[in-house]
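Listed below, chain by chain, are the residues.
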There are 2 protein chains.
Amino acid sequence: MSAIEERLDEKKRAVERALAACLAGEDSVLFRAMRHAVLSGGKRFRPLLLLAAAERCGAGLEEALPFACGLELIHNYSLVHDDLPVMDDDDWRRGRPTVHKAYGEPIALLAGDALLTLAFEVMAGAAAPGGLASRRAEAIALIARRAGASGMIGGQVLDIDFRSETESEAAYEELMLRKTGGLIMAAAETGAILGGASAEDRARFTEFGKRLGLAFQLRDDLQDAAPRDDRSGFRPNAAAFLGAAAARARVAELHRAAIGGLEGTGLLTEELRALALSLEIRTA
Amino acid sequence: MSAIEERLDEKKRAVERALAACLAGEDSVLFRAMRHAVLSGGKRFRPLLLLAAAERCGAGLEEALPFACGLELIHNYSLVHDDLPVMDDDDWRRGRPTVHKAYGEPIALLAGDALLTLAFEVMAGAAAPGGLASRRAEAIALIARRAGASGMIGGQVLDIDFRSETESEAAYEELMLRKTGGLIMAAAETGAILGGASAEDRARFTEFGKRLGLAFQLRDDLQDAAPRDDRSGFRPNAAAFLGAAAARARVAELHRAAIGGLEGTGLLTEELRALALSLEIRTA
């Protein structure tokens, strides 16, 4: 493990500990379902990106950690609701039964709601001395916007009705940008906000997150390109849409642009570079 | 209409305008479903209680309104999810088809998620000069706690498995206190927080909200006591549980205690009294 990998791994363990602490509530079926959803592995890409951007912009780990957790709780609530029979109807996630398979649909619905609510409790409840309170409020509002009707949830709605045969590449990019890009952009931007970055630097982090968000979804689509016999086989997929070769080329281009955009302005750190590169498509 | 009723009605119109402004986003199916859920009448009891408590404690209407809206958005998301087939399976609400009857289940699920998310965007995005930012963060954290796994959602989970035959009156009160009381307590407490009330006064508003929350649920149960032929007939109901006469006596006692608790410390205003009395059971 390289020095950078070790530092990222250390941060990942800090995120895991903080998430476990957020979810250490009572021993009820609801909290068990919430822990089942969140404490089950996962790459923690969004919290790590948030922490790396925050560090670059001058925010401390303790200050940024509640937001890293909040973002990961939001990501995980969206997976719980996405997996429900009325949505994607998935039985398995990360090698374990989905929450509704393990706890039933009513509890899965409520556990998702509770994770989303907890995210904001954790972010708003973080101690912030003096003037930092307004940065924190700005970060909460930004995360809510990126996660909400004009962001991630809006993208999920576009996804429900999207038909690759009739819609344009630009429409698919808009969908990806909201559905997957929403929280990844929010991760990079929140780090910049918490660190008190200038408007220009903040916009550069937004652009970085946007490019990584698109690359993330394209890579997922490529890995998921084999047709499936459930209805997810009809869902939009960049590999089917653009063709695998074009999708691969686009991922590589997005990586170069993301890294280049920060590098040229001196904002790139080794951790940010490593996180961007972790999304590269590995070919055998 | 009395002078007090007129003032409450004026505040209610301000809440309606602010909610409409929050939801004036794009003309998508998602925003239409969100507007269907929220802009369809409703007594707006929680926002009015928040505004009355805030006014008593010295917070301005403009400052408190985003929180009044946030609380009402949270209340309405919970109704949308509660109405889903996997929960109460209700087809009608406030004389109109429920959101999933009008827009389908996937959109109803996502519209509920989006309303919950929007609540926090609205609250965190409210302009707060200087030191008020930390009050606002405190209020957001409090609302999230009362609405979340240890508050309203926790109460909904208790409700799923509650059986009147085997559980105690105290267990039923705990359920009501979380499920219905959560947001009503939050309304009164948030007003006190935004107005910068002392810890003692804040605790008095918490107690006021707690008593009103219990009275609110008991009154609902009494009005809803006729057995129904759907599965809600099996749900806990105070009228069935305590007996109608005892439930009525308890509501009257809660009113007296709520009003008396504020009156004795000089915190009661005519508006707070009118809101408490609006929950009285009217007998023919």
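Anyway, here's the lowdown on the structure attached to this text. (Residues numbered from 1 in each chain as written. Chains lettered and ligands numbered in written order. Predicted model: local features only at pLDDT ≥ 70, side-chain atom pairs only at ≥ 80, totals over all residues.)

Turning to the overall build of chain A, a few remarks are in order. Helices and strands together make up the secondary structure of chain A, namely 14 helices and two strands. A compact globule built from 284 residues would reach a C-alpha radius of gyration of about 19 Å, and chain A, at 18 Å, matches this within 12%. On the principal axes, the C-alpha backbone points of chain A span a range of 55 × 50 × 40 Å. By the burial criterion, 52% of the 284 residues in chain A qualify as buried. (Helix = DSSP H or I, 4+ residues; strand = E, 2+ residues; numbered from the N terminus. Rg over C-alpha atoms; globule rule 2.2 N^0.38 Å. Buried ≥ 20, exposed ≤ 12 C-beta atoms within 10 Å, placed from the backbone.)

Between the two copies of this chain, the relationship is a rotation about some axis together with a displacement along it. Rotating chain A by 180 degrees and moving it 0.0 Å along the rotation axis overlays it on chain B with an RMSD of 0.0 Å. Viewed as a symmetry operation, the transformation between the two copies matches a two-fold axis. Proximity to the rotation axis, assessed at the C-alpha, singles out A133 of chain A in chain A; its C-alpha lies 2.8 Å from the axis. A shared binding surface is used by both copies, with 100% of the interface residues of chain A retained as interface residues in chain B. (Least-squares fit on C-alpha atoms with pLDDT ≥ 70 in both. Contact = placed C-beta atoms within 7 Å.)

On the side of chain B, 41 residues touch chain A, which itself brings 41 residues to the contact. Among the elements of the structure, α2 (29-38), α6 (105-125), α7 (132-147) and α8 (152-161) of chain A are those that each provide at least two residues to the side of chain A that touches chain B. When residues of the side of chain A that touches chain B are assigned to their parent elements, the largest contribution, 14 residues, is made by α6 of chain A. Class assignment for the residues of the side of chain A that touches chain B results in 26 nonpolar, 10 polar and five charged. (Nonpolar A, V, L, I, M, F, W, Y, C, P; charged D, E, K, R; others polar.)

Across the 10 residues that make up helix α8 (residues 152-161) of chain B, a large majority, eight, are buried. Regarding α8 of chain B, the residues found buried are M152, I153, G154, G155, Q156, V157, L158 and D159 of chain B. In the core, the buried residues of α8 of chain B are packed alongside α2 and α6 of chain A together with α4 (61-83), α7 (132-147), α9 (169-179) and α10 (181-194) of chain B.

All right, on to unusual backbone geometry then. Residues and elements named next belong to chain A. Here the phi dihedral of D89 falls at roughly 55 degrees; this positive angle occurs in a residue that is not glycine. Relative to the assigned elements, D89 resides in the loop between α4 (61-83) and β1 (92-93). Classification of D89 by C-beta neighbours within 10 Å gives partly exposed; the count is 14.

So, on to the packing of α4 of chain B against helix α6 (residues 105-125) of chain B. All names here are of chain B. Direction vectors running N to C along α4 and α6 enclose 165 degrees, while the axes themselves pass 8 Å from each other. Classed by the angle they form, the pair α4 and α6 counts as roughly antiparallel. In this structure, α4 meets α6 at a crossing whose hand is left-handed. When α4 is examined against α6, the residues P66, F67, C69, G70, L73, I74, N76, Y77, V80 and H81 are found in contact with a partner set consisting of A108, A111, G112, L115, L116, L118, A119, F120, V122 and M123. Taken together, the residues of the contact of α4 with α6 sort by class into 16 nonpolar, four polar and no charged. (Axes fitted to C-alpha atoms, helices over the stretch in contact; angles between N-to-C directions. Parallel < 35°, antiparallel > 145°, perpendicular 65-115°, else oblique. Left-handed = near helix turned anticlockwise from the far one by under 90°.)

As a further point, take the packing of helix α1 (residues 3-22) of chain A against helix α14 (residues 270-277) of chain A. Residue and element names in this part refer to chain A. It is the contact of α1 with α14, at a shortest axis distance of 10 Å, that shows an interaxial angle of 85 degrees. The angle between α1 and α14 places the two elements in the roughly perpendicular class. Across from I4, R7 and L8 in α1, the residues of α14 making contact are E270, E271 and A274. Residue composition of the contact of α1 with α14, grouped by class: three nonpolar, no polar and three charged.

Another point: the nonpolar core. Grouped together as the largest cluster of nonpolar side chains are 184 residues, with contacts concentrated most on A111, L115 and I140 of chain A together with A111, L115 and I140 of chain B. With sequence-adjacent residues up to four places away left out, I140 of chain A is seen in contact with F120, M123 and A124 of chain A together with F120, A124 and I140 of chain B. (Core = buried A, V, L, I, M, F, W, Y, C linked by C-beta atoms within 7 Å.)

Tracing the backbone through its elements, the reader meets L118 of chain B in helix α6. Judged by local crowding, L118 of chain B falls into the buried class, with 28 C-beta atoms found within 10 Å. With 45 residues separating them along the chain, L118 of chain B and L73 of chain B place their C-alpha atoms 7.5 Å apart. In this structure L118 of chain B touches G148 and A149 of chain A together with C22 and L73 of chain B, once residues within four positions along its chain are discounted.

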